Amino acid sequence: MLRYIHLYKIFLLQYLKSLLQSKLDFFMGFFSFFLNQILGIIFLQLVFSQIPDLNGWSFEQLVFIYGFAQIPKGIDHFFTDYLWVFCRKTVREGAFDRYLLRPVNPLFQVLVERCQPDGLGEVLVGVILVAYAGAKLRLSFSVFTFFVFLIAVFAGAVIYTAVKLFFASNAFFMKECYNMLYTAYNISDFAKYPTEIYTKPVRLIVSFVLPFAFTAFIPANYFINGGTLLLSVGAECLVAAAAFLIAYLYFSFGIKKYESAGN
Amino acid sequence: MCNKINLRCYLPFVVSQVKIALAYRMAFFVRILSNLFTVMITWYLWNAIYRSFGRATMNGFTFQEMATYVIVSFFVTVMLAPAQADEVSYAIADGSVAVSLLRPLDFCGLYLAQSLGGFLVNTLVFSAPFLILFGKMGKLILPTPQRLLLFLASVGLGYLIMFYFSFCFSMLVFYTTYFFGINMAKAVTIRLCSGALIPLSFFPDAIEKMFSFLPFSSMVYTPVMIWLGKLEGTALCTQFVIQLFWVLIFFVLSKFCWRAAVRRITVLGG
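Residues numbered from 1 in each chain as written. Chains lettered and ligands numbered in written order. Predicted model: local features only at pLDDT ≥ 70, side-chain atom pairs only at ≥ 80, totals over all residues. Heavy atoms only, no water.

## A look at the overall build of chain B
Thought 1: Within chain B one finds 11 helices and two strands.
Thought 2: For 270 residues, the compact-globule estimate of 2.2 N^0.38 gives 18 Å, and the C-alpha radius of gyration of chain B, at 20 Å, lies within 12% of that figure.
Thought 3: Each principal axis of the C-alpha atoms in chain B carries an extent, and together these give about 65 × 40 × 35 Å.
Thought 4: Within chain B, the proportion of its 270 residues that are buried is 51%.
Thought 5: Expressed as a percentage of contacts within chain B between residues at least 6 apart in sequence, the contacts between residues at least 24 apart total 78%.
Thought 6: About 13,100 Å² of surface is accessible on chain B, with carbon and sulfur atoms providing 69% of the total.
Thought 7: Both charge centroids of chain B, one from 19 positive and one from 8 negative side chains, sit 5 Å from each other. (Helix = DSSP H or I, 4+ residues; strand = E, 2+ residues; numbered from the N terminus. Rg over C-alpha atoms; globule rule 2.2 N^0.38 Å. Buried < 20%, exposed > 50% of the residue type's maximum accessible area, 1.4 Å probe, protein only. Contact = heavy atoms within 4.5 Å. Areas by Shrake-Rupley, 256 points an atom, 1.4 Å probe, with all protein chains shown as cover. Lys, Arg positive; Asp, Glu negative; His and termini not counted. Charge placed at Lys NZ, Arg CZ, Asp CG, Glu CD.)

## Here's the deal with the pattern of salt bridges
Thought 1: With the rule as written, the count across this model stands at six salt bridges over all chains.
Thought 2: Of the charged contacts in the structure, one is a salt bridge between A:Asp189 and A:Lys192, with a shortest N-O distance of 3.4 Å. Neither A:Asp189 nor A:Lys192 differs from the other in exposure class; each is buried.
Thought 3: Residue B:Lys255 is joined to B:Asp106 by a salt bridge in which the shortest nitrogen-to-oxygen separation is 3.8 Å. Of this pair, B:Lys255 sits in helix α11 (residues 233–267) while B:Asp106 sits in the loop between α5 (97–100) and α6 (107–136), and the two are 149 residues apart along the sequence.
Thought 4: Given a relative accessible area of 21%, B:Asp106 falls into the partly exposed group.
Thought 5: Three or more residues joined by partner-sharing salt bridges are found here, namely A:Lys73, A:Asp189 and A:Lys192. (Salt bridge = Lys/Arg side-chain N within 4 Å of Asp/Glu carboxyl O.)

## Re the interface of chain B and chain A
Thought 1: Taken together, the contact between chain B and chain A spans 35 residues of the former and 29 residues of the latter.
Thought 2: Interface area for chain B against chain A, summed over the two sides, is near 3,100 Å², with a carbon-plus-sulfur share of 77%.
Thought 3: Here chain B is connected to chain A by zero salt bridges.
Thought 4: Counting across the chain B and chain A interface gives three residue pairs in polar contact (both at pLDDT 80 or more).
Thought 5: Residue assignment for the side of chain B that touches chain A shows that the elements contributing at least two residues are α2 (25–53) and α8 (179–193) of chain B.
Thought 6: When its residues are assigned to classes, the side of chain B that touches chain A shows 25 nonpolar, seven polar and three charged. (Buried area = accessible area lost by both parts, 1.4 Å probe. Polar contact = N/O pair within 3.5 Å; in protein donor to acceptor, adjacent residues only side chain to side chain. Nonpolar A, V, L, I, M, F, W, Y, C, P; charged D, E, K, R; others polar.)

## Some thoughts on the side chain of B:Lys186
All names here are of chain B.
Thought 1: Positionally, Lys 186 belongs in helix α8.
Thought 2: Notably, Lys 186 is buried but unbridged: the nearest opposite-charge side chain belongs to Asp 86, and the N-O separation is 5.7 Å.
Thought 3: Reaching out from Lys 186, the side chain makes a polar contact with the side chain of Ser 166 at a distance of 3.3 Å.
Thought 4: Dropping the residues within four chain positions of it, Lys 186 is found in contact with Gln 84, Phe 165, Ser 166 and Phe 169.

## Description of the packing of aromatic side chains
Two aromatic rings are characterised by how far apart their centres lie and by the angle between their planes.
Residues and elements named next belong to chain A.
Thought 1: Taken as a whole, this structure holds 55 aromatic pairs over all chains when the rule is applied.
Thought 2: Seen in terms of ring centroids, Tyr 178 and Tyr 182 are 6.1 Å apart; in terms of plane orientation they differ by 25 degrees. Their pairing is stacked. Of this pair, Tyr 178 and Tyr 182 both sit in helix α9 (residues 178–186), separated by four residues, roughly a single helical turn.
Thought 3: Take Tyr 178: its relative accessible area is 22%, and that puts it in the partly exposed class.
Thought 4: Since its relative accessible area comes to 22%, Tyr 182 is described here as partly exposed. (Phe/Tyr/Trp six-rings, centres within 6.5 Å; stacked < 30°, edge-to-face > 60°.)

## Some words on the state of the cysteines
Thought 1: A complete count under the given rule lists one disulfide over all chains for this structure.
Thought 2: Linked covalently through their sulfurs, A:Cys87 and A:Cys177 form a disulfide whose S-S length is 2.3 Å. Highlighted residues: A:Cys87 in helix α4 (residues 82–90) and A:Cys177 in the loop between α8 (143–168) and α9, separated in sequence by 90 residues.
Thought 3: By relative accessible area, A:Cys87 is classed as buried at 5%.
Thought 4: For A:Cys177, a relative accessible area of 1% translates into the label buried.
Thought 5: Lacking any disulfide linkage, B:Cys108 is separated from the closest cysteine sulfur, that of B:Cys168, by 7.9 Å.
Thought 6: We classify B:Cys108 as buried; its relative accessible area is 4%. (Disulfide = S-S within 2.5 Å.)

Read these as geometric descriptors, not functional statements.
If you want it as C-alpha cells, here you go:
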C-alpha cells in the first residue's frame, strides 16, 4: 500500500511540474471554469429576489448544497480524469497492454495517469460557497464536524470515480462507450439541488441507480438540518464502498475478457 | 467557372456539413441529451419556484410561459451552436488558414456556408421534432404560424450576429496561446447576457438596460419572446432593426478583421 502512495507522489509531482511550465494557461483555464460554476448561483440569486424560500429552503441553504456538490466532483475530476481518455481511446488503440505489463495494479495506473487542474477550480468554488453559506446559516463548526465533512466529501468523490469507472469499463465490451459515460456523468447535475423538487422516478434514479444524491444533497442536508450521522454520511460511505466494489468487479471482469481475447 | 460572386459554389460546403452531422448524429444526440438534463433540472426548479411563489404570474410570466421559455431557449442555443465558428479558430491555430488564401473562395463565406449545414441539421433534425413533440404533449405553448415565421426570421438574424461576432472573436487566436480559456469566458458571458440562463427581465433594471445595448440579447431572448407572443407591434419592429444593426456591424467588422489577418499571415511568411 505504501508503495502505491509513494508511486503516486512521483506521478503527481511530475505532472505538476509540466503544468506550471505555462502559468498563464493554468490560470486562464482555472478562471474560466470558475466563471462557469457561478452561473447556477446567479440564477438562484435572481430567483430569490422574487420568492422568500424555495419549497422551504432558503437561498443560503441552496447555495450550501450547490457548493457542497462541487467539492467531491472536483476532487474526482482532479485525480481520475484519465478515465475519460481510457474510455475513448486506450483500449481501442491497444495502448492498454502497457498497463498490464507493468508490475503495478492496472486499475491504480488508469486512475492516476492524469491530473486535471480544472478539478481544483470546482473544489475552490465549492469551498467558497460552502464557507459563505455556512457562515450565513451560522452553522456550528467543530473539529468533529470538520472530520465528518472531509469524510463526506471524499466518500462523494469515490462515488463519482465508481460511476466513471463503471461506464469507462464498457470500453472492454463495446466500441462506443464515451456517449454513455458522458450521459451518466452529467446526471450528477441533479445532485446540486434538493431531490424533493424532482418527480419520484428521477429521485430514485439519482439516489439509487446513479447515486449522485449521496455525494451532495444527503450529506449536505445533514450539515444544515442535523439528523442522524449514520443515516446520512454513514449511508453515503456505504454507498461509496458498494459502488466502488461494483465498478471494480466490472473493471476486473473487463480485463479478464481483454486478456482472454489473446491480447 | 467559380468566382467569388457565384453563390452556387458554396453549396457543396453546406451539403458536406449536413452529411457529416448526420453521420455523427449519435454523438450529437447524446450531447444534446445531456444538455437536456440542464433543461429538466431548470424545469423542476421553476416548478418548485412557482409553487413557493403562490401567485400565477411572476415578472410577467405564467408557469406555462416560463416552461415554454426554458425549453424553447434551449433549442435556440442548439440551433445557434454551429454559429460559434470553432473551425475558424482551429484553422488559424494550426495554420491551415494560410492554405485558404490560395483558394478562390471567400474564407469567411466558406465557413458561413459550412456552419449553415450544421444549422440546418440542428434545426430540422434535433430541434423541430422535439419542439413539436413537447408542444403536443402540452409541455410548452405552441406559437401561431405567423409568430413562428417571425421567430424563425429572428433566429436567422441572431444566427448571423453570432457567426460574425464569433468570426471576429476568433481573430484573437493570433494574439494569445491560450484561446481556449478566453473562448470559455466568451461562452459563459453569452449564456448570461443572451437570456439563455434566465429571461433578461429577471435582472435588476440597470443590468437589463445594459444588456439591451449588447448584441447577445438578440440571440436568444428576442426570438423566444417573439415565440411567446410577448414581443409585438412597434416593439417587435424595433428589435428587428436592432438585430439587423448588429448583423451589419459585425459583418463589416469581420471584413476588417479578415484583412488584418491576411496581412498578418502574409507578413509572417505563412
